[in-house]
Amino acid sequence: MHEPPVGPDGTLDPDASEEEAASETDNAIPTRGYHEVRVVAFGGSAGSIPALQQVFHAMPADTGMAFVIVLHLSPEHESILSEVLQGSTTMRVTQARNGEQVLADHVYVIPPGKHLSLSDGHLRLTELAREPGRRMVVDLFFRSLADTHGPHAVAVVMSGGDGDGAIGIKRIKERGGLTIAQDPEAAEHSGMPNAAIATKMVDWVLRAEDIPARVLEYHARERRLQLPSEAGPNPAEPVRSNPADDEAALRDVLTFLRARTGRDFTYYKRATIVRRVARRMQVNEVDSLPEYLIFIRTHPGETRALLQDLLIS
């Protein structure tokens, strides 16, 4: 197990964390993330608790996913957040413990006065620096989640009064995960959702009660996607195939993208292209590449969204 990098004061060192992650993961998508349990992380302030109760009232107890709650909590007081949320779900809700393994169908809550991060599928706690200024506990957790779980990371920015989470949202998107913001009009404090949305890295803006169904469908669709092999020919190479085949549709998607944007991705790393296109298919609730080709041709905004996903890498 790798210990999270900490500074001389015992607090988490995000710069060292990024350097370590960069040396261990694919630049765009950490492949090992596909072998981890999917983790759904919620970040916000205490004002998001009623919305979280709505989420867990609607979330089944046997999703196969793990849930982590990272809120701005006063370090001066004991937290009863786990007890409050336990009333909304039959999943086990506990306050996170250092070194604890993240298990499916469990809910973990950040303790007061701590930074929370992930390393090798285990939770890591470090002391929260007591200094004035904006707290970044959500950003730090999202970033560690992105670097360990990649495409199996889901980050949800809930109600909160500052911009915490916006930087972490970018990392989640960069690593191939799903990004969600609570609808600011339905949030008690719109600062955090609005800051996340302003990054243009948010896939969905949803009301709290709609989040469970959309996340579950996204997760289920991954198993239904009809995709060509990541180890197949370079999309630029001519192959004999039926126009309805996935291989032909992949080439046609890239050709359409080049015609609309001037960007040619046919010589990019094939695995990255397939995974990025697959992510857009999941986000748009499309199961096959021929269907996605029709979708991108009929939804002008999708061309720009796919281009952004590919350029992130």
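The rules behind each value
Residues numbered from 1 in each chain as written. Predicted model: local features only at pLDDT ≥ 70, side-chain atom pairs only at ≥ 80, totals over all residues. Heavy atoms only, no water. Helix = DSSP H or I, 4+ residues; strand = E, 2+ residues; numbered from the N terminus. Expected span 1.5 Å × (residues − 1). Buried < 20%, exposed > 50% of the residue type's maximum accessible area, 1.4 Å probe, protein only. Salt bridge = Lys/Arg side-chain N within 4 Å of Asp/Glu carboxyl O. Pairing = 2+ DSSP bridges. Axes fitted to C-alpha atoms, helices over the stretch in contact; angles between N-to-C directions. Phe/Tyr/Trp six-rings, centres within 6.5 Å; stacked < 30°, edge-to-face > 60°. Core = buried A, V, L, I, M, F, W, Y, C linked by side-chain atoms within 4.5 Å. Parallel < 35°, antiparallel > 145°, perpendicular 65-115°, else oblique. Contact = heavy atoms within 4.5 Å. Nonpolar A, V, L, I, M, F, W, Y, C, P; charged D, E, K, R; others polar. Arc of directions from axis to C-beta.

Peer 1: I keep staring at helix α9 (residues 270-283) and nothing clicks. Help me out?
Peer 2: Along an α-helix, residues three or four positions apart point the same way, because every turn accommodates 3.6 residues. Its 14 residues give α9 an end-to-end C-alpha distance of 20 Å, which sits within 8% of 20 Å, the value for a rise of 1.5 Å per residue. Of all 14 residues in α9, 14 are buried, a share of seventy percent or more.

Peer 1: Before we go on, may I ask you to explain the pattern of salt bridges in this structure?
Peer 2: Pairs can form between side chains of opposite charge once their charged atoms are near each other. In the structure shown here, the tally under the stated rule is 20 salt bridges. With its nearest N and O atoms 3.1 Å apart, the salt bridge here joins Arg 207 to Glu 209.

Peer 1: Honestly, the sheet that holds strand β7 (residues 153-157) in this entry has me stumped. Any pointers?
Peer 2: The 7 strands lie next to each other as β3-β4-β2-β1-β7-β8-β9, forming an open sheet whose pairing is parallel. Edge positions in the open sheet fall to β3 (92-95) and β9 (204-206), since each of these has one partner strand only. For this sheet, the mean angle separating the axes of adjacent strands, direction not counted, is 20°. Pairing of β3 with strand β4 (residues 106-109) involves 4 bridges; the strand directions are parallel. The residue of β4 that forms the bridge with Val 93 is Val 107.

Peer 1: Please explain the packing of aromatic side chains as it appears in this structure.
Peer 2: In this description, a pair of aromatic rings is defined by centroid distance and the angle of the planes. This model, assessed by the stated rule, comprises 5 aromatic pairs. Judged by centre distance (5.9 Å) and plane angle (90°), the ring pair of Trp 204 and Tyr 218 falls under edge-to-face. In this pair, Trp 204 is assigned in strand β9 and Tyr 218 in helix α7 (residues 211-224), connecting sequence segments 14 residues apart. Residue Trp 204 is classed as buried on the basis of its relative accessible area of 7%. Measuring from centroid to centroid gives 6.4 Å for Tyr 292 and Phe 295, while their planes differ by 15°, and the two rings are stacked.

Peer 1: Can you help me understand the pairing of strand β6 (residues 122-127) in this one?
Peer 2: On a regular strand, one side chain projects to one face of the sheet and the next to the other, so that they alternate. Summarising burial for β6: 5 of the 6 residues are buried, a large majority. As paired strands, strand β5 (residues 114-119) and β6 are joined by 6 bridges and run antiparallel to one another. Counterpart to His 115 in the pairing with β6 is Thr 126. Counting the residues that bridge the hairpin from β5 to β6 gives 2 residues, and of these Asp 120 lies at a positive phi of roughly 55°.

Peer 1: What's the story with the nonpolar core in this structure? I'm lost.
Peer 2: The nonpolar side chains of a soluble globular protein tend to be buried with one another. Within the largest apolar cluster, 61 residues are counted, with the highest numbers of intra-cluster contacts made by Phe 42, Ile 69 and Phe 141. Of all hydrophobic cores here, the second largest spans 22 residues; its members include Phe 265, Met 281, Val 286 and Leu 293.

Peer 1: Sorry, what's going on with the packing of helix α10 (residues 289-298) against helix α11 (residues 300-312) here?
Peer 2: At a minimum axis separation of 5 Å, α10 and α11 run at an interaxial angle of 110°. As summarised for this structure, α10 and α11 are arranged roughly perpendicular, according to the angle between their axes. Contact residues: Tyr 292, Phe 295, Ile 296 and Thr 298 in α10; Pro 300, Glu 302, Thr 303 and Leu 306 in α11. Considered class by class, the residues forming the contact of α10 with α11 number 5 nonpolar, 2 polar and 1 charged.

Peer 1: Whenever I open this one, α10 confuses me. Can you help?
Peer 2: Residues of α10 that are buried: Leu 289, Tyr 292, Leu 293, Phe 295 and Ile 296. Looking straight down α10, one finds that the buried residues subtend no more than 165° of arc, so they occupy a single side. Turned more than 90 degrees away from the buried face of α10 sit Ile 294 and Thr 298, all of them exposed. Close packing links the buried residues of α10 with α8 (246-261), α9 and α11.

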